[in-house]
Every structure is written in C-alpha cells, then in structure tokens.
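Below are the chains, spelled out letter by letter.
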Amino acid sequence: MSLSKYTKYFTAKSFKEYYDILREHATKDQSTPRTILAALGTVVLIRQSFRFLGFVYRNFLRGGYDLAKRYGAPSWVVVTGASDGIGKAFAFEFASLGFNVVIIGRNKAKCEKVIEEIKGLNPKAELKLIVADFANSFKPGFYDDIYSELKDLDISVLVNNVGDNQRGLFATKTPKSLWDLVTVDTLPQSALTHMLIRKLSTRGKNRAAIINMSSIVSDYNFVYNCVYAAAKRFDEIQTRALIEEYGDKVDFLCLKPGWVLTQLAIGIREAWNATTAQKFVKHSLKQLAHENVVKGHWKHEVVALHLDYFLWYKIAPREVVKKRLEASEKAYNERKQEENKATTSS
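Bear in mind that the values here come from a model prediction, so they are computed numbers and not experimental data.

Thresholds, definitions, all that
- Residues numbered from 1 in each chain as written.
- Predicted model: local features only at pLDDT ≥ 70, side-chain atom pairs only at ≥ 80, totals over all residues.
- Heavy atoms only, no water.
- Core = buried A, V, L, I, M, F, W, Y, C linked by side-chain atoms within 4.5 Å.
- Buried < 20%, exposed > 50% of the residue type's maximum accessible area, 1.4 Å probe, protein only.
- Helix = DSSP H or I, 4+ residues; strand = E, 2+ residues; numbered from the N terminus.
- Contact = heavy atoms within 4.5 Å.
- 1 Å grid on protein atoms, 1.4 Å probe; cavity = no way out; pocket = protein on both sides within 12 Å on 5 of 7 lines; lining within 4 Å.
- Points joined across faces, edges and corners; volume = space filled by probe spheres on them.
- Phe/Tyr/Trp six-rings, centres within 6.5 Å; stacked < 30°, edge-to-face > 60°.
- Patch = residues over 30% accessible without salt bridge, like charges linked within 9 Å, V, L, I, M, F, W, Y side chains within 5 Å.
- Areas by Shrake-Rupley, 256 points an atom, 1.4 Å probe, with all protein chains shown as cover.
- Salt bridge = Lys/Arg side-chain N within 4 Å of Asp/Glu carboxyl O.
- Pairing = 2+ DSSP bridges.
- Nonpolar A, V, L, I, M, F, W, Y, C, P; charged D, E, K, R; others polar.
- Axes fitted to C-alpha atoms, helices over the stretch in contact; angles between N-to-C directions.
- Parallel < 35°, antiparallel > 145°, perpendicular 65-115°, else oblique.
- Left-handed = near helix turned anticlockwise from the far one by under 90°.
- Right-handed = clockwise from strand over helix to strand, strands pointing away.

## A look at the nonpolar core
Core analysis: the biggest nonpolar cluster contains 34 residues, and Phe90, Phe94, Ile103 and Ile211 have the highest contact counts within it. Ranked by residues supplied to this core, first place goes to helix H5 (residues 85-96) with six residues. If we ignore the near neighbours within four places in the chain, the residues touching Ile211 are Phe90, Phe94, Val157, Leu158, Val159, Asn160, Leu253, Leu255, Leu285 and Leu288. By size, the runner-up hydrophobic cluster in this structure holds 29 residues, among which are Trp76, Tyr143, Ile146 and Leu196.

The following block contains the structure:
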C-alpha cells in the first residue's frame, strides 16, 4: 500500500468517513491487520507530533501578554498564602510589574518581612497586609473581615494560592488535620472567588484574572495523597465550571504543578522534575490569558509525560514512598514548632 493512500485519513470529515476509508483499504489489501495497524499508527504519530509541537510553542516560543496593560497596573493583586513559596513569588512578580499587592497570610511576622522585601524591589508599590488563618475560614464572619479590607480597592487579579499538603498516612491523621486540609485547600478559593467575582467581571476597559492552584497529583492516584489529591481536583473542576460562566469577562488560569521548591516540598532539590517558586511563577504568568488549565512549568509537563506513559507512580515501592512521607511529616512538625516558638517570643 503506497504512502499516498494514507492521505485520505487526514482529510476525513467525520468518524464515519474515516471508518469507511479504513474498511475500503482493509478490503483491497490482503494484509488487513497490517493495514489497520499502519493507519492507527499514523494517526497516533500525527497526534503526538502535534502534542510535542504544542509543548515547544507554548513553553519556549510564545510570549506572554503585557499584564500591566491587560489588567491595568497599578491596580491591586490579592495573593493568599503569600508569606512563603509560590504565593510570595506571585507577590514579588506582580509588584515588579507595577501592581499594588494585598498580602494575605497567617504569620504576621513573615508577611511583614515579605512586604519589606517587596518595598526594596519596588518602592512605589502600595502594599496591604491582611492577617488570616484560613484553617478558621469556616467560622462566621471570617470572610466579612477580609471583604471589609478589599471592598474599596480596584482589584484586577486574585491569586488563590493558599493551601496545605497531606503528610503522614491517612489512618494516622487526626480528624482535625483532615478537616483543616480540606478546608484550606477548597473553601478559600470558593469564598474569595464568590466575594470578588462581580467586581472582577465588571471592571470596564481592563480585564481581570483569577489564578487557582491545583496540583499534578489530582490527575493520578498517588498512594498516601488521597485527601490532598481530591481537594486539588475540586479546585480544577470548579475553575473549569467558572470558565464557562465568566470566561468572556475574566481570564482564568488553573495551575497544576509538580514539585516546586517551597516549604511544602521538604527534601526536594531543583532538578529535571523540580523548579524554584520564582521560575515557576514567571513561566506560569506567560500562560495567563493564553491557557486555562496547565501544569505551569515545562518541567512539570515532562513529569506528566512520564506519569502517563511509564506509570511509575503505580509501581513505586510503597515502603519507599512511606518513609519519605514520614520524613516529610517529621521535618514539617519541627519547622512548625520553631515557627510557634518564634511567634511566642515576639
């Protein structure tokens, strides 16, 4: 069968037409299995080629939007969980672009330090601090206090970054720790988006944006991550639904990163599968207004490729994963004790 005969597959306008062409070739060719496999192989090759070209274009060729112009700097950007890691990197990046920033975090001392660092980066930026522990966000009046601080600001971007990770085995977790995990990873995104969506969707000549943090683990059934993965899946599904409702007025970006060097990624080093918070945020913002749901950084797309085709997350020795998880929990608890001592002494 000559190569020219395969071109009919690419011009088929419907599945029925594609199937008829396949049947015709299978009838004419005595080696039916080989014909079918060749046709399917060609389709798969074309699909994967487009996937690779899209990866290259999206991550290395296409530039990002001028965010200051698109969202009207110096309007306000609200960042939750901004005292560390990805939230802090978002605050720095938007401040460097000329935006004013609202820092929301539970540790006042750490947030004040972030504000001092941002002032050194951009002395003209206006900065506002709201101290809030989102583990208490289910309590009556919690979001009313936050709204009273935000209602008079021209807010252009909401970054729903606050979140927590699952440490330790599911059976060993206390009911409160599970409650706090689900609360922090789901409720703030819902409540703050609901609080600000009307303001964001009626800004006039400038658009607005909402950036939500999901995770790569929401796509895979990793062991020892059942609660965290489920919560992050909630964040993505809610984002996709909101895109259908408000996507014509608000730019949505749901990020699903792999390993990022933050306080939650204990024992992780920068490598082919992990990046820093600063690099992750810079790369992610290039996707804003171009994409809706992405990994955020090209390294994490490579990780997803490995997970899709090699399935190591299903065959990794559970004892190895368990030991790493226990070490992470121990390091996290030690860090929390140090933070509590520092807060008490101050």
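## Some thoughts on empty space enclosed by the protein
Evaluated as defined, the whole model comprises one cavity of 30 Å³ or more. Of the volumes computed, that of the largest cavity is approximately 50 Å³. Considering the residues around the largest cavity, the lining is formed by Thr80, Asn160, Asn161, Val162, Val184, Asp185, Thr186, Pro188, Gln189, Met213, Lys232 and Asp235. Elements with a minimum of two residues in the lining of the largest cavity: helix H8 (175-200) and helix H9 (226-246).

## Some remarks on the packing of aromatic side chains
Enumeration according to the criterion identifies eight aromatic pairs in this entry. Ring geometry for Phe138 and Trp179: centres 5.6 Å apart, planes at 85°, overall edge-to-face. Taken together, the residues span a long stretch of sequence, with Phe138 in the loop between strand E3 (127-131) and helix H7 (142-150) and Trp179 in helix H8 at a distance of 41 residues. We classify Phe138 as partly exposed; its relative accessible area is 42%. Members of the aromatic cluster, joined through ring pairs, are Phe55, Phe60 and Trp298.

## Things to note about a nonpolar patch on the surface
The grouping of Ile46, Phe50, Phe52 and Leu53 at the surface amounts to a nonpolar patch, some 440 Å² of accessible area in total. Among the structural elements, Leu53 can be located in helix H3 (residues 32-61).

## Some thoughts on the pairing of strand E4 (residues 155-160)
The buried fraction of E4 is high, at six of six residues. Two elements, strand E1 (residues 76-80) and E4, share four bridges in a ladder whose sense is parallel. Bridging across to E4, Val78 finds its partner in Leu158. Sheet topology note: the E4/strand E5 (residues 208-213) ladder contains four bridges and is parallel.

## Some remarks on the layout of surface pockets
Considered as a void within the structure, the second largest pocket measures approximately 430 Å³ in volume. Around the second largest pocket sit 20 residues that line it, and Arg51, Phe55, Arg58, Glu301 and Ala304 are the ones nearest its centre. Of all the secondary-structure elements, those providing two or more residues to the lining of the second largest pocket are H3, H9, strand E9 (293-294) and helix H11 (298-310). Each residue belonging to the lining of the second largest pocket can be placed in one class, and the counts come to eight nonpolar, one polar and eleven charged.

## Considering the packing of H5 against helix H10 (residues 277-285)
The geometry of H5 relative to H10 is characterised by a closest axis approach of 9 Å and an angle of 55° between their N-to-C directions. One finds that H5 runs oblique with respect to H10. Relative to H10, H5 is oriented so that their crossing is right-handed. Contacts between H5 and H10 involve Gly85, Ile86, Ala89, Phe90, Glu93 and Phe94 from the former and Ala277, Gln278, Phe280, Val281, Lys282 and Leu285 from the latter. Within the contact of H5 with H10, the residues separate by chemical class into eight nonpolar, two polar and two charged.

## Observations concerning the pairing of strand E6 (residues 250-255)
Taking burial as the measure, the six residues of E6 include six buried ones, the bulk of the element. Here E6 shows two buried faces, one formed by Val250, Phe252 and Cys254 and the other by Asp251, Leu253 and Leu255. As paired elements, E5 and E6 share six bridges and run parallel to each other. When the bridges of E6 are listed, Ile210 appears paired with Phe252. Once you follow E5 into H9 and on to E6, the crossover reads as right-handed. Pairing of E6 with E9 involves two bridges; the strand directions are parallel.

Shape descriptors only; they carry no functional weight alone.
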